[in-house]
Amino acid sequence: MPAEWEPHRGTWLAWPHRRSDWPGKFSPIPVVYSEIIRAVSRFETINLVVQDESTGVKVRRLLIQAGANVGNVTCWACDTDRSWLRDSGPIFVKDAVGQVVALDWRFNAWAKYANWRYDDKLPEHVAGWRGVPRLQPERNGHRVVLEGGSIDVNGAGLMLTTEECLLSEVQRRNPPFDRADYEAVFADCLGVTSTIWLNRGIVGDDTHGHIDDLARFVNPRTVVAVEEKDETDENYAPLQENLERLRGYTTPTGGKLDVVSLPMPRPLFFDGVRLPASYANFYIANGVVIVPTFNDPADRVVLGILAELFPDREVVGIHCVDLVWGLGTLHCMTQQEPA
């Protein structure tokens, strides 16, 4: 699996339509999506999944108003349950001769929600639209459930994931699997030679521990990881443990990772619910890194850190206070297709 910073053929998104994902706060969400597409479409193609052709026409009008490069936007009509395409869409890999292949993992809505059947068919549609081979990973006769937000790779054999998401009995994705089963799948399907297991995710994450709210590779040997400095905050202890694991990890060649900490925003609540606001949920596109911001003093700090780590790309903040009410932000909604 290529790293996210490697050249893209395009970015996949699904236009939001399920109002209950943002109860009482849906109206600003299309505006936020338009801003995301405006930022990324300056640098690469956007493949946008819409419910039907008439929706595509309306969306294009909205994107024109937002100043997006609509010449770089292609709409594909297909029913979806939700719009978190990082998890429901295919994961693209390259085979031994460099051919792009779409991995069609089983999707079961994070082992939590009942409506997932349209989303589970999305990789088949995408592979057909793009004309690339499609494979359905299996192990011991079991079709594997895996969400893109639960893994992060450096494109050179290392991968990040969490025990809470893949090994816990809560929201258990693949009940027969243990650590060895997962590592065998990662090796066979993603080219992973070493898996770095962190422990728990952040409070409020209804995926039960996705890595893309915790830690991300930004180059083959550097990881950024969120850190909570307030010892009274319930995120403090688990995030400290994750940092210790990263700093203590030794690569297969005997080296250490460069670990850069990112602050956490202040706790963000809506209707009494703590939301999974995290700066780690950024997305790396061809010429830009889009970063969630939360009207927080730490916004500027994080943008500065990432600008230093990505000197060859623009770093653009996207206001996500409304978007995170859907329990995800920028990385959760995007999926890269490698060149």
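Below: a short report on this structure.

What follows deals with the environment of Q136. Looking at the element boundaries, Q136 is found in the loop between β6 (134-135) and β7 (138-139). Classification of Q136 as partly exposed rests on a relative accessible area of 38%. Linking Q136 and C189, residues 53 residues apart in sequence, is a C-alpha distance of 9.8 Å. When sequence neighbours within four positions are dropped, the list of residues in contact with Q136 reads D104 and R143. Here the side chain of Q136 touches D104 through a polar contact of 3.2 Å, side chain to side chain.

Turning next to the side chain of R143. Within the secondary structure, R143 sits in strand β8 (residues 142-143). A distance of 2.9 Å separates polar atoms of two side chains, one belonging to R143 and the other to D104. In this structure the side chain of R143 is engaged in a polar contact, spanning 3.4 Å, whose partner is the backbone oxygen of W105. Those residues within four positions of R143 in sequence are excluded, and the remaining contacts are D104, W105, R106, D120, Q136, P137, E138 and N174.

Let's shift gears to the pairing of strand β19 (residues 314-319). Successive residues of a regular strand alternate their side chains across the two faces of the sheet. Note that strand β18 (residues 288-293) and β19 share six bridges and pair parallel. Across the sheet, T293 pairs through a bridge with H319, a residue of β19. Crossover β18 to β19 through helix α10 (residues 298-309) is right-handed.

Let us now look at the sheet that holds strand β9 (residues 152-153). If you walk across this open sheet you meet the three strands as β9-β10-β11, and the pairing is mixed. What marks the edges here is a single partner per strand, and that holds for β9 and β11 (194-198). Pairing between strand β10 (residues 158-162) and β11: five bridges, direction parallel. If you follow T161 over to β11, its bridge partner there is W197. Most of the contacts of helix α8 (residues 179-190) go to β11, to which it runs at about 135°, and overall it touches β10 and β11.

Spatial ordering of the open sheet is given by β3-β2-β1-β20, a layout of four strands whose pairing is mixed. With partners counted over all chains shown, the strands left at the sheet margins are β3 (73-77) and β20 (335-338), one partner each. The sheet shows a mean angle of 25° between the axes of neighbouring strands, taken without regard to direction. Both strand β1 (residues 8-14) and strand β2 (residues 46-50) contribute to a ladder of four bridges, which runs parallel. Looking at the pairing, L13 lines up with L48 of β2. Each of β1, β2 and β3 touches helix α1 (residues 29-41); the most contacted strand, β2, lies at about 155° to it.

The full count for this structure, using the stated rule, is 23 salt bridges. With a closest N to O distance of 3.1 Å, E4 and R216 form a salt bridge. Placement of E4 in the segment before β1 and of R216 in strand β12 (residues 215-219) is noted, with a sequence separation of 212 residues between them. Here E4 falls in the buried class, since its relative accessible area comes to 5%.

Interhelical geometry of α1 versus helix α2 (residues 53-66) gives an angle of 65° and a closest axis separation of 9 Å. Of the possible angle classes, the one that applies to α1 and α2 is roughly perpendicular. Note that α1 runs across α2; the crossing there is right-handed. Contact residues: α1 offers P30, S34, I37 and R38, while α2 offers L62, L63 and A66. Of the residues belonging to the contact of α1 with α2, the class tally is five nonpolar, one polar and one charged.

What follows concerns unusual backbone geometry. A positive phi angle is found at A109, which is not glycine, with a value near 55°. Taking the relative accessible area as the measure of exposure, A109 reaches 0% and is therefore buried. A positive phi is found at A111, a non-glycine position, where the angle reads about 55°. Note on A111: relative accessible area 28%, which makes it partly exposed.

Criteria and thresholds
- Residues numbered from 1 in each chain as written.
- Predicted model: local features only at pLDDT ≥ 70, side-chain atom pairs only at ≥ 80, totals over all residues.
- Heavy atoms only, no water.
- Helix = DSSP H or I, 4+ residues; strand = E, 2+ residues; numbered from the N terminus.
- Buried < 20%, exposed > 50% of the residue type's maximum accessible area, 1.4 Å probe, protein only.
- Contact = heavy atoms within 4.5 Å.
- Polar contact = N/O pair within 3.5 Å; in protein donor to acceptor, adjacent residues only side chain to side chain.
- Pairing = 2+ DSSP bridges.
- Right-handed = clockwise from strand over helix to strand, strands pointing away.
- Axes fitted to C-alpha atoms, helices over the stretch in contact; angles between N-to-C directions.
- Salt bridge = Lys/Arg side-chain N within 4 Å of Asp/Glu carboxyl O.
- Parallel < 35°, antiparallel > 145°, perpendicular 65-115°, else oblique.
- Left-handed = near helix turned anticlockwise from the far one by under 90°.
- Nonpolar A, V, L, I, M, F, W, Y, C, P; charged D, E, K, R; others polar.

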